[in-house]
Every structure is written in C-alpha cells, then in structure tokens.
Amino acid sequence: MDVELRQLRCLVAIVDEGSFTDAAIALGVSQAAVSRTLASLERALGVRLLRRTSREVTPTATGLRVVAQARRVLGEVGDLVREATSGHTRLRIGYAWSALGRHTPAFQRGWAQAHPGTDLHLVRVNSATAGLAEGACDLAVVRRPLDERRFDSAIVGLERRLCALAADDPLARRRSVRLADLAGRVLLIDRRTGTTTPDLWPPDARPETEETHDVDDWLTRISTGRCFGLTPESTAHQYPRPGIVYRPVRDAEPIAVRLAWWRDDAHPATQSVIELLTILYRTG
C-alpha cells in the first residue's frame, strides 16, 4: 500500500473546494489529474472515499475519517519542513540552570537589534548538554567540557565561583569566603549539570555531599541552613532568592562559560553568537 502526500492533498482539496473542478484550480492541475489522483488513492486504500453526483461531492463515512487523518498528516509534514528549513529564521539556545546571568538581557536585546530576521529562544533543559543531545536546542550554554566527540564548543567568557549560603549562616556576614571555611559542611551538588565536585578541596578536607537535580530544590534546601552550594556567578543574577546570600570564593578557580554545538551540523548563526557573547563577557 503506497499512499502519497499528493494524494492526500488532492483529497483534502476536493472536500474543501466542494468539486473536482475547483480542486483542480486550487491545486494548479487539470480536472482529469484530480480524478486520477483520487482514484489511485481509493485503490491504494481499497475503500471508497467520496460520493459523486451531478450536483455535489461528499465524503463517505470512511472518507470523513480519512480526511481528518489526512489533515493531521499534512499538518505534521508542514511542521517537519518548517523545522528542517528554519535554521536561518529561528535560534534556540539551551541552558541547564542560569543562562548567561547578568548578560542575558543584553544578549537578547543585542541579538534582536543585530539579527532581526532570526528569532532567539532561550530554552532551559536540565541535562548534561543543556538540551543539545536531546534536540531541544541548536546551541547550548554549558559550564563544563562536553567529552563527546560529536560536539564542538568555544569558551566565550569566565565567571567567578560563588558560595550560596542561608542568610542567617555565620559565613553570610563575610564579604567573601575560602574553600577551607566550608570544609566539614554538607555540599549540595547536581552531578548531571553542576560545576562543583568535592575535588575542589584537598583529599583530607572535603565536605560531605548531597545531590539535587533542580535549581529550585537546590535553593530551597540551602535556605534551611543544612547545606551550602558552589555555583557560577550567573546563578546569583538569575536566581536572587530571599533567605539566600551569595559570597565570592577567593581561592576557587573561575568557571569557563562555553557555547556548544553539533560538530557536523552547526547552526548558521553560531559564529555570530560566539562573537556577541565574547564581547559581552569581555566588556560587561
């Protein structure tokens, strides 16, 4: 059984236009071509789809069901074509937790001004590739290297590492902290997307760890005072929260902010995004 899209379009056109003649005009073909196409569809399906009289053309009961399904199929094909050909008109950038922090509004405004023909969408996906591997985005902002050979990436900036504490924690009264100040406490980490591991501390001074998989849960648990977190400074800008304070960690290395993409299928706007983000991080 071979059913072709042109046959479904022909069937829908006949029903919508009300006659073979009008369907032929709408499709830009001859009336004879419309008749042949419908006949071939009915043969392929083995059912009668339309009742034809000298005055009107109406779907059979089976025809009504087939027309409804044909509309869905044609709509999905249209979505498929738009998805495959929208590379120059849409740009989806994924991120796991905090997008670009304080640079996010400037990036959105700068992009809209410089590239009005390409719609920008920021998409939050809490996965190791920020939605890149899942097909949820075209580019991804990540803060740790992607080991898989299928991806390329470029460093666009650096961010300080901050400590997130409950507002009533004694360390919250300080302007900054050191890693040694946090030893013996409970560190809350996200192993899938996070940038912090106990390896930041010497082997004999590492904190205990607990796991989370969501930034809201991370903030809520830290606000209880039971644990603390280490995070890029972008989190502090993206998620200010009553009951939470962020303090710089003086002796922790900064975190590289990377833009990642598929090695064999880079979005046409990739280089433009790299250039704009690099400028924002350099001058911001």
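Our subject is the structure listed above.
It should be emphasised that the depicted structure is a prediction, and the values quoted were computed from it without experimental measurement. (Residues numbered from 1 in each chain as written. Predicted model: local features only at pLDDT ≥ 70, side-chain atom pairs only at ≥ 80, totals over all residues. Heavy atoms only, no water.)

Chemist: Help me out: how do you make sense of the packing of helix α1 (residues 5–17) against helix α2 (residues 20–27) in this one?
Modeler: For any two helices packed against each other, one specifies the inter-axial angle together with the distance between the axes. Their axes nearest at 8 Å, the elements α1 and α2 cross at an angle of 120°. When the axes of α1 and α2 are compared, the pair comes out oblique. In this structure, α1 meets α2 at a crossing whose hand is right-handed. For the pair α1 and α2, contact is made by R9, C10, A13, I14 and E17 and by F20, D22, A23, A26 and L27, respectively. Looking at side-chain class alone, the contact of α1 with α2 contains seven nonpolar, no polar and three charged residues. (Axes fitted to C-alpha atoms, helices over the stretch in contact; angles between N-to-C directions. Helix = DSSP H or I, 4+ residues; strand = E, 2+ residues; numbered from the N terminus. Parallel < 35°, antiparallel > 145°, perpendicular 65-115°, else oblique. Left-handed = near helix turned anticlockwise from the far one by under 90°. Contact = heavy atoms within 4.5 Å. Nonpolar A, V, L, I, M, F, W, Y, C, P; charged D, E, K, R; others polar.)

Chemist: Please clarify how the nonpolar core should be interpreted in this entry.
Modeler: In terms of nonpolar packing, the biggest core is built from 21 residues, with F107, L259, V273 and L277 touching the most fellow members. Looking at this core, the elements with two or more residues in it are β3 (90–95), α5 (104–114), β5 (139–142), β6 (151–159), β12 (255–262) and α9 (270–283). Here this core gets six residues from one element, more than from any other, and that element is α9. Contact partners of F107, with chain neighbours within four places excluded, come to I93, L100, L120, V273, L276, L277 and L280. L8, V66, A70 and L74 belong to the second largest nonpolar core, which has 19 residues in total. (Core = buried A, V, L, I, M, F, W, Y, C linked by side-chain atoms within 4.5 Å. Buried < 20%, exposed > 50% of the residue type's maximum accessible area, 1.4 Å probe, protein only.)

Chemist: Can you help me understand the packing of aromatic side chains in this one?
Modeler: A ring pair, where both rings are aromatic, is described by two values, the distance of the centres and the angle of the planes. Counted according to the given criterion, the structure contains four aromatic pairs. Where F107 meets W111, the ring centres are 6.3 Å apart and the plane angle is 45°; that geometry is what we call tilted. Within this pair, F107 and its partner W111 are both found in helix α5, separated by four residues, close to a single helical turn. Here F107 and W111 have matching classes, each one buried. (Phe/Tyr/Trp six-rings, centres within 6.5 Å; stacked < 30°, edge-to-face > 60°.)

Chemist: Which parts of the structure should I look at to understand unusual backbone geometry?
Modeler: A positive phi angle, close to 50°, is found at A99, a residue other than glycine. Tracing the backbone through its elements, the reader meets A99 in the loop between β3 and α5. Positive phi, close to 55°, is recorded for A130, a residue that is not glycine. A residue is classified by how much of its surface remains accessible, and A130, at 1% relative accessible area, is buried.

Chemist: Got a minute to help me understand the sheet that holds β12 in this structure?
Modeler: Two orientations exist for strands paired in a sheet by backbone hydrogen bonds: parallel and antiparallel. The strand order β4-β3-β5-β12-β6 describes an open sheet built from five strands, whose pairing is mixed. Edge positions in the sheet fall to β4 (119–124) and β6, since each of these pairs with one other strand and no more. Adjacent strand axes in the sheet meet at a mean angle of 25°, parallel and antiparallel pairs treated alike. Along the sheet, α5 contacts β3 and β4; its crossing angle with β4, the most-contacted strand, is approximately 155°. (Pairing = 2+ DSSP bridges.)

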